[in-house]
Amino acid sequence: MKSIRNDHEVARDLASEAGQLLLRLRARHGFDEPEVLRTLGDRTSHEFLFSALGRLRPSDAVLSEEGVDDQSRLKARRVWIIDPLDGTREFSEPGRTDWAVHVALWENGELVAGAVALPSQGSCLSTVDPPWLPEERPEGQRLRITASRTRPPAFVQRMATQMGAEVVPMGSAGAKICAVMLGIADIYVHAGGQYEWDSAAPVAVARAAGLHASRIDGSELRYNVADPLLPDILVCRSELSGMLLASIRDGADLDSAGPHAGG
């Protein structure tokens, strides 16, 4: 913590350190009891992040997937939005690297800092030094859409077929948005249920990197609201956003998509 100088570094350093705690927990506990490992992972990371933010930013509010939301945050000027372990299913499966730790800061209506640690991939993407995106995609390269490996919306496959795109299943929402930032995929789209902590940190970093991020109807992603349900999202290269929003508008059938966490 000695190197912390600003909010961007707080987000990066705390996400990275929580990720290292989770790696050690995973190695120590093993995978014979996945439900126990998932519970321990959620609790260990939450307790570390909540305690550290209380020490480093004592006047700020915190919204955590694993915390109690008394809604006092709605009166706060600054709110840290954290997902201590995004992709708990993948965390408890040997060999999987698509899980993450999210730390974001919302201030006066905007996401102003964020970090997504990918501990098993040995990286942390943050607003300290956002990923560099090539100005243009390689000519002729097939579009790649990353979507939930367990709950992909039905319209994603229709979109992929319409555009001749490849669907890349993946776990954590943070890992999927990072895949777009790193050029592993071009598009992340999800509908059917997520919460603010699923996307706040990766959206903060994605926007800093120059990506488009919105609801799937093109409207704004809003954070620190009374109901933290934020059910759908589109993250993509900016030049693709108009085409994709039109495709979703034309082909999405969301009536049967009920809210659930993850994505």
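Here the structure is a predicted model, which means the values were calculated and not measured. (Residues numbered from 1 in each chain as written. Predicted model: local features only at pLDDT ≥ 70, side-chain atom pairs only at ≥ 80, totals over all residues. Heavy atoms only, no water.)

Caption draft 1: Spotlight on the overall build of the protein chain. A tally of regular secondary structure across the protein chain gives 7 helices and 10 strands. By the compact-globule yardstick of 18 Å for 263 residues, the protein chain fits well, its C-alpha radius of gyration being 18 Å. When the backbone C-alpha atoms are referred to their principal axes, the protein chain occupies close to 50 × 45 × 35 Å. Per-residue burial for the protein chain yields a buried fraction of 53% across its 263 residues. Restricting the contact set of the protein chain to residue pairs at least 6 apart, pairs at least 24 apart contribute 66%. Of the roughly 11,700 Å² that the protein chain leaves accessible, carbon and sulfur atoms contribute 48%. Computed over 28 positive and 37 negative side-chain charges, the inter-centroid distance for the protein chain is 3 Å. (Helix = DSSP H or I, 4+ residues; strand = E, 2+ residues; numbered from the N terminus. Rg over C-alpha atoms; globule rule 2.2 N^0.38 Å. Buried < 20%, exposed > 50% of the residue type's maximum accessible area, 1.4 Å probe, protein only. Contact = heavy atoms within 4.5 Å. Areas by Shrake-Rupley, 256 points an atom, 1.4 Å probe, with all protein chains shown as cover. Lys, Arg positive; Asp, Glu negative; His and termini not counted. Charge placed at Lys NZ, Arg CZ, Asp CG, Glu CD.)

Caption draft 2: Quick peek at the packing of helix 5 (residues 173-181) against helix 6 (residues 196-208). Direction vectors running N to C along helix 5 and helix 6 enclose 15°, while the axes themselves pass 9 Å from each other. Accordingly, the angle class assigned to the pair helix 5 and helix 6 is roughly parallel. The element helix 5 and its partner helix 6 pack so that their crossing is right-handed. Only Asp-198, Pro-202, Val-205 and Ala-206 of helix 6 make contact with helix 5, whose side of the interface consists of Ala-173, Gly-174, Ile-177 and Met-181. Among the residues making up the contact of helix 5 with helix 6, the classes are represented as 6 nonpolar, 1 polar and 1 charged. (Axes fitted to C-alpha atoms, helices over the stretch in contact; angles between N-to-C directions. Parallel < 35°, antiparallel > 145°, perpendicular 65-115°, else oblique. Left-handed = near helix turned anticlockwise from the far one by under 90°. Nonpolar A, V, L, I, M, F, W, Y, C, P; charged D, E, K, R; others polar.)

Caption draft 3: Broad picture of the domain arrangement of the protein chain. By the assigned domains, the protein chain splits into domain 1 (5-124) and domain 2 (142-255). Once you take the C-alpha centre of each, domain 1 and domain 2 turn out to be 21 Å apart. If you look at the interface, domain 1 gives 30 residues, while domain 2 gives 23 residues. Around 2,100 Å² of area is buried between domain 1 and domain 2 when both sides are counted, 60% of it from carbon and sulfur atoms. Our enumeration of links across domain 1 and domain 2 arrives at 0 salt bridges. Our count for the contact surface shared by domain 1 and domain 2 stands at 12 residue pairs in polar contact (both at pLDDT 80 or more). For the side of domain 1 that touches domain 2, the secondary-structure elements that each account for two or more residues are strand 1 (61-64), strand 2 (78-86), helix 3 (88-91), strand 3 (100-107) and strand 4 (110-118). The leading source of residues in the side of domain 1 that touches domain 2 is strand 4, at 6 residues. Of the residues contributing to the side of domain 1 that touches domain 2, the split by class is 16 nonpolar, 5 polar and 9 charged. (Domains from an automatic or database assignment. Buried area = accessible area lost by both parts, 1.4 Å probe. Salt bridge = Lys/Arg side-chain N within 4 Å of Asp/Glu carboxyl O. Polar contact = N/O pair within 3.5 Å; in protein donor to acceptor, adjacent residues only side chain to side chain.)

Caption draft 4: Layout of the environment of Glu-66. Residue placement: Glu-66 occurs in the loop between strand 1 and strand 2. Between the C-alpha atom of Glu-66 and that of Ile-82, which follows or precedes it by 16 residues, the distance is 8.9 Å. Not counting chain neighbours up to four residues away, the residues in contact with Glu-66 comprise Asp-42, His-46 and Pro-84.

Caption draft 5: The sheet that holds strand 2, seen in detail. Across the sheet, 5 strands lie side by side as 1-2-3-4-5; this open sheet has mixed pairing. Two strands bound the open sheet, and with one partner strand each, they are strand 1 and strand 5 (123-126). The average angle at which neighbouring strand axes cross in this sheet is 15°, direction not considered. Against the sheet, helix 5 touches strand 2, strand 3, strand 4 and strand 5, its axis set at about 95° to strand 4. Contacting strand 1, strand 2, strand 3, strand 4 and strand 5, helix 6 runs over the sheet at an angle of about 95° to strand 4. (Pairing = 2+ DSSP bridges.)

Caption draft 6: Highlighting the UniProt feature "binding site: Mg(2+)" (unreviewed entry) in the protein chain. UniProt annotation of "binding site: Mg(2+)" (unreviewed entry) refers to Glu-65, Asp-83, Leu-85, Asp-86 and Asp-198 when read in the numbering used here. Taking the farthest pair of C-alpha atoms as the criterion, the annotated set spanning 134 residues converges on one region, since that pair is 9.7 Å apart. Positionally, Leu-85 belongs in strand 2. You can call Leu-85 buried: its relative accessible area is 2%. (UniProt positions renumbered as here; feature names shortened; annotations may be inferred.)

Caption draft 7: Seen up close, the side chain of Arg-78. Mapped onto the fold, Arg-78 is located in strand 2. Exposure remark for Arg-78: the relative accessible area of 12% places this residue in the buried category. A polar contact is formed between the side chain of Arg-78 and the side chain of Asp-60, at a distance of 2.9 Å.

Caption draft 8: Summary view of the packing of aromatic side chains. Summed over the entire model, instances satisfying the criterion amount to 2 aromatic pairs. Both rings, one in Phe-91 and one in Trp-99, keep their centres 4.9 Å apart while their planes meet at 75°; by these two values the pair is edge-to-face. Here the two residues Phe-91 and Trp-99 agree in accessibility, since each one is buried. Ring geometry for Tyr-195 and Trp-197: centres 5.3 Å apart, planes at 10°, overall stacked. Judged by its relative accessible area of 23%, Tyr-195 is partly exposed. (Phe/Tyr/Trp six-rings, centres within 6.5 Å; stacked < 30°, edge-to-face > 60°.)

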